[in-house]
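Chains, contacts and geometry: an overview
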Amino acid sequence: MSITAAPTPIGSLDQLSFDNRFTAALPADPDAGNNRRQVVGACYSRVEPTPVPAPHLLAHSAEIFDLLGFDTDLASNPEFAAVFGGSTLLDGMDPHAHCYGGHQFGNWAGQLGDGRAIALGEVVDRNGQHQTLQLKGAGPTPYSRTADGLAVLRSSVREFLCSEAMAHLGVPTTRALSLVATGGMVMRDMLYDGNAELEPGAVVCRVAPSFVRFGNFEIFASRGDIDTLRTLTDFVISTDFPDLAAGAGSGRSSPERYAQFFAEVVRHTADMVCEWLRVGFVHGVMNTDNMSILGLTIDYGPYGWLDNYDPDWTPNTTDAAHRRYRFGTQPAVAQWNLMQLANALYPLVGEAEPLQAALDGYVPYFEAQWSVMMAAKLGLPALETEADRELANGVLEVLRLVETDMTVFWRRLAIVDTAEGIDPAERIAPLADAYYQPSEVTDEHRSATSEFVERYAARLRALGIADAARGGAMNRVNPKYVLRNYLAQLAIDAATGGRPEAINELLDVMRRPYDDQPDREFYAAVRPDWARTRVGCSQLSCSS
Ligand code: AMP
Ligand code: MG
């Protein structure tokens, strides 16, 4: 056994060193001005964050501190808030905004770009991986179009908390280093109803190996700029898809490799969406500019969590008319988005067939992953038989019979007694805690639930799976604590009212989402009735 000394923690931000591969390798916009414009032939524009009046750190992620090798004391140094609020730049940073386009709500929207995100530069984490540090809400960029480049506290709290909560759940996601209140105020019309108000501003520092989106590729394809498209794609393959890059030789990839790259993105995207279904997450704005090339959940806007299981639910009021981005449509929307990416990569591949083959692989791959995921949720080794598949579909039907809390339901299913000869009514009794309106549960609902649970119990007995082992395994994939919309809103209310500690208290619960935390039952309870229709708890607009 060899003992390696832990690397010396970074105790002062000037010790941080940057290795900016994106800006070093890719073409820059030659215009250094910060006026809104169309940017052609460039992957990014250099732009500095706008200094803020009074940066103040509200929360940080201990895990990201650790990943980046930051000393814990850094958080209390005022320089930290100044840097990650956007007021101070460090030597070696190369701040810039990405140029990208996107399909928004099904339509090509042209150039979008980082309108309020500014990447500061890349650092190497403790595992040797590059991580880009990116401020969100740090002021206008050439891509801000008609907007201000800022972010308000409520949406920044939501992004900070959800990035970290998702990571603790094991869902691929961009991370959040810090949440800084800027001391400035931002004008927002939260419900787009003509009632604009000033709200406190904030900046989140996001962290990811890459912030490249499907839209980064689409913009060049849409303009017929195949050279830049190829340069970007070669760069992404060489930095983020090392297995593909190995053997590719240096420099340009072959058409086969571009197609393999696409096939990998197909799989990563399917994996991500499958994880969303596992935990009850609705992204809310699955436009192609919000789809990460690494299959990370990115751009936490009007996202939401299912309280009661309803595949037709979307948190996004901006999408209320068509509800394109509902919980249950996410797998199909991801596939549609992948088709847009395939179209963008087509000029590099030169023929449709390999891209089509990869795209055709999406459904079978997703279904295979979904089966593995559902089997795990049910505590089954696999969905082996047709009857097993009926159990997986059956459980989702049971969840829809009456208003049933998804998260509570799965944890209660884990303690259902599968022994032979138990009275069916008694067997389903643990599930009662998951119902929102127990008085609405009819005999018909009870018998449909029993019919499913009896089949389920019989199958587990046939497989010889003991309840204790099954319950333990189920509790490792069915979280007890998720970032319920109303819990995030309570933390926002507290932070707005001068108690930002509430953000960390909530984050601390979300650190161990699968564990029973006996003194924290409050956070595991079903959504209270007052939160059913409250703005921020059940409805969110894109205004952030
Ligand atoms: P979204 O779908 O909310 O992630 O954003 C769509 C586009 O609008 C992206 O190009 C964003 O950078 C841009 N955007 C959103 N909010 C703002 C803002 N407050 N200021 C500038 N650009 C913004
Ligand atoms: Mg976005």
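Scroll up to find the structure this text is about.
What counts, and at which threshold
Residues numbered from 1 in each chain as written. Chains lettered and ligands numbered in written order. Predicted model: local features only at pLDDT ≥ 70, side-chain atom pairs only at ≥ 80, totals over all residues. Heavy atoms only, no water. Donors = N, O, S within 2.8 Å, 3.2 Å for Na, K, Ca; no water. Buried < 20%, exposed > 50% of the residue type's maximum accessible area, 1.4 Å probe, protein only. Helix = DSSP H or I, 4+ residues; strand = E, 2+ residues; numbered from the N terminus. Contact = heavy atoms within 4.5 Å. Near = heavy atom within 4 Å. Polar contact = N/O pair within 3.5 Å; in protein donor to acceptor, adjacent residues only side chain to side chain. Areas by Shrake-Rupley, 256 points an atom, 1.4 Å probe, with all protein chains shown as cover. Nonpolar A, V, L, I, M, F, W, Y, C, P; charged D, E, K, R; others polar. Salt bridge = Lys/Arg side-chain N within 4 Å of Asp/Glu carboxyl O. Patch = residues over 30% accessible without salt bridge, like charges linked within 9 Å, V, L, I, M, F, W, Y side chains within 5 Å. Phe/Tyr/Trp six-rings, centres within 6.5 Å; stacked < 30°, edge-to-face > 60°. Lys NZ or Arg CZ within 6 Å of the ring centre and 35° of its normal.

**Examining the coordination of the magnesium ion (ligand 2)**
Surrounding the magnesium ion (ligand 2) are the protein donor atoms N290 (OD1) and D299 (OD), which sit 2.0 to 2.1 Å from the metal. Accessibility classification places N290 together with D299 in one group, the buried group.

**Re the side chain of S253**
Residue placement: S253 occurs in the loop between α7 (242–245) and α8 (255–279). Apart from the residues lying within four places of it in its own chain, the contact partners of S253 are D234, I237 and Y258.

**Focus: the site of ligand 1**
In the vicinity of ligand 1, 17 residues are found, and the nearest of them are G113, G115, R145, A147 and G149. Between ligand 1 and G149 there is a distance of 2.7 Å, counted from a nitrogen atom to a backbone nitrogen or oxygen. Taking L150, its main chain carries an N or O atom lying 3.3 Å from a nitrogen atom of ligand 1. For ligand 1, the accessible surface in isolation is 480 Å², of which the surrounding protein chains cover 83%. Among the residues forming the shell around ligand 1, the class breakdown is four nonpolar, six polar and seven charged.

**Brief notes about the pattern of salt bridges**
Under the defined criterion, the tally for this structure stands at 38 salt bridges. Residue E122 pairs with R21 through a salt bridge whose shortest N-O separation is 3.5 Å. Within this pair, whereas E122 is found in strand β6 (residues 117–124), its partner R21 is found in helix α1 (residues 21–25), the two being separated by 101 residues in sequence. Relative accessible area serves as the criterion here: at 5%, E122 is assigned to the buried category. Here R389 and E386 are joined by a salt bridge, their closest N and O atoms 3.3 Å apart.

**What about a nonpolar patch on the surface?**
A surface patch of nonpolar side chains, about 320 Å² in accessible area, is lined by M185, M187 and L198. Mapping L198 onto the fold places it in strand β9 (residues 197–208).

**Quick notes on the packing of aromatic side chains**
Scanning all chains against the criterion turns up 20 aromatic pairs. Measuring from centroid to centroid gives 5.0 Å for F241 and F261, while their planes differ by 90 degrees, and the two rings are edge-to-face. One end of the pair, F241, is in the loop between α6 (226–240) and α7; the other, F261, is in helix α8, with 20 residues separating them in the sequence. Ring centres of F522 and Y523 lie 5.2 Å apart, and the angle between their planes is 85 degrees; on these two criteria the pair is classed as edge-to-face. With a relative accessible area of 48%, F522 lands in the partly exposed category. Grouping aromatic residues by their ring pairs yields a cluster made of W276, F281, Y300, Y303 and W305. Residue placement shows R158 over the ring face of Y303; its charged tip is 4.0 Å from the ring centre. Between R527 and the ring centre of Y436, over which it is positioned, the NZ or CZ distance is 4.6 Å.

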